[in-house]
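Observations on the model geometry
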Amino acid sequence: MNDKKQIVNVAACPIDNENCILRVQDLYKKFGKLEVLNGVTIDIHKGDVVAVIGPSGCGKSTFLRCLNLLETPSAGEIILENEYVFKNQRVYLKRRLRKLKAQLKANEKGTNMEALKAEEATLTEEYLALRKEEKEIEKYVTKQINLHRQKIGMVFQQFNLFPHLTVLKNITLAPTKLKNMPEEEAKQKAMALLKKVGLEDKANAYPNTLSGGQKQRIAIVRALAMEPEIMLFDEPTSALDPEMVGEVLKVMTELAQEGMTMVVVTHEMGFAKEVANRVIFMSDGVIKEENEPKEFFANPQDERLKDFLSKVL
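Computed from a predicted model, the values in this text were never measured in an experiment.

Quick look at the overall build of the chain now. When you go through the chain residue by residue, the secondary structure sums to 10 helices and 10 strands. Taking the principal axes of its C-alpha atoms as reference, the chain extends roughly 80 × 65 × 35 Å. When the 313 residues of the chain are sorted by exposure, 48% land in the buried category. Put simply, of all contacts in the chain between residues at least 6 apart along the chain, 67% involve residues at least 24 apart. Distance between charge centroids for the chain: 7 Å, based on 46 positive and 45 negative side chains.

What follows is the structure, encoded as structure tokens:
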């Protein structure tokens, strides 16, 4: 008889659409009193290339950083491959309870007190049950956070390579430390990826000897070395000189053609038109419009989007 305690995945959450790899529902993020995300809802399907465009400060980068919990959302749900990465709906019940308590206090001897108290008791019971469930999910996710992040690769604006490590070491560090991959296997995979982006001759170079375009291609390779299910790109060409943009977009285009699921925050409208299969426009912390590229650019509906496109195209 096996007496070992069975580990129960409290974060399991079946998604009704088998092609949906990442589901985001009603996502909020506040920094103090500043609301950056105001209820983002979107499904990302396997093989999607989703281009995210919008004005500066509209929440695009924060949205990406919330997907792999580099930023902790304030409320909402993120479900990755049938598991909660984040869930916090109790904040809404807490808000309703606070309003109800204030109403009770202001109406101490008024009418409907029994009904209000009964509503408060019901809400309190719901809140405590939901808090218990979500705390269990938080505990599970905290233990699994590195596994979740292995599934979601991220490429930043500023490359974020380790300057004191060679290119090869930058790429093999995470697979050997986090996935316990044998060093020789990690090196072979790294060299194959470097060859793919035309930089195998830079394996023993240090980042400060590389151009911006080379650094960004290395950053993409480093993320790919973890064999992620989804790649997130946060304005990957914004820090590059114009002549270096093309070499990075070429690598991203090839990844898209190979079927990599990608979410790309970008100002490159050509990439959004030609490579993405979905384009979303964010403004004021919400998704204002979404469509396939041809219709999105030819027939925008939202007035803010029309104004934005008139300035960037």
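That covers the picture; the talk isn't over yet.
Attention shifts here to the pairing of strand β2 (residues 34-45). It is a general feature of regular strands that their side chains alternate between the two faces of the sheet. In this sheet, β2 lies alongside strand β1 (residues 20-31) in antiparallel orientation, the contact comprising 9 bridges. For Leu22, the partnering residue across the bridge sits in β2 and is Ile44. Counted along the chain from β1 to the antiparallel partner β2, the turn is 2 residues long, and its residue Gly32 has a positive phi close to 65°.

This brings us to the sheet that holds strand β10 (residues 286-291). Spatial strand order, β6-β7-β8-β3-β9-β10: 6 strands in an open sheet with mixed pairing. Only two strands of the sheet have a single partner each, and these edge strands are β6 (152-155) and β10. Looking at each pair of strands side by side, their axes are set apart by 20° on average, direction ignored. Helix α1 (residues 60-67) rests against β3 (49-53), β6, β7 (230-234), β8 (261-265) and β9 (278-283) of the sheet, and its axis sits at about 150° to β7. Where helix α6 (residues 212-224) meets the sheet, its contacts fall on β6 and β7, and the angle it forms with β6 comes to roughly 170°.

Among the structural elements, Ala75 can be located in strand β4 (residues 75-80). Each C-alpha atom of the pair Ala75 and Leu27 lies 5.8 Å from the other, and the pair is 48 residues apart in sequence. Those residues in contact with Ala75, other than ones at most four positions away along the chain, are Asp26, Leu27, Tyr28, Phe86, Asn88, Val91 and Tyr92.

Let's shift gears to the sheet that holds β1. Spatially, 4 strands are ordered β2-β1-β4-β5 in an open sheet, and the strand pairing comes out antiparallel. Unpaired on one side and paired on the other, β2 and β5 (83-88) mark the two borders of the sheet. Each strand axis lies, on average, 10° off the axis of its neighbour in the sheet, ignoring direction. Strands in contact with helix α3 (residues 113-151) are β4 and β5; relative to β5, the strand with the most contacts, it is inclined by about 135°.

Scoring rules and cut-offs
Every chain is numbered on its own, with residues counted from 1 as its sequence reads. It should be noted that, the model being predicted, local features are given only for residues of pLDDT at least 70 and side-chain atom pairs only at 80 or more, the latter also being counted only at that level, while totals for whole chains, interfaces and linings use all residues. Computation of side-chain values: all heavy atoms of the structure, hydrogens and water removed. Think of it this way: any DSSP run of H or I at least four residues long counts as a helix, any run of E at least two long counts as a strand, and we number them from the N terminus. Classification of residues uses two cut-offs on accessible area relative to the type maximum, computed with a 1.4 Å probe and protein chains only: under 20% is buried, over 50% is exposed, and between them is partly exposed. Any two residues having at least one pair of non-hydrogen atoms within 4.5 Å are treated as being in contact. As used throughout, the charge tally considers Lys and Arg to be positive and Asp and Glu to be negative, leaving His and the chain termini uncounted. In plain terms, the charge of a residue is placed at NZ if it is Lys, CZ if Arg, CG if Asp and CD if Glu. Following DSSP output, two strands are said to pair if at least two bridges run between them. For helices, the fitted line uses only the C-alpha atoms of the stretch in contact; every axis is such a line through C-alpha atoms, and the angle between N-to-C directions lies from 0 to 180 degrees.

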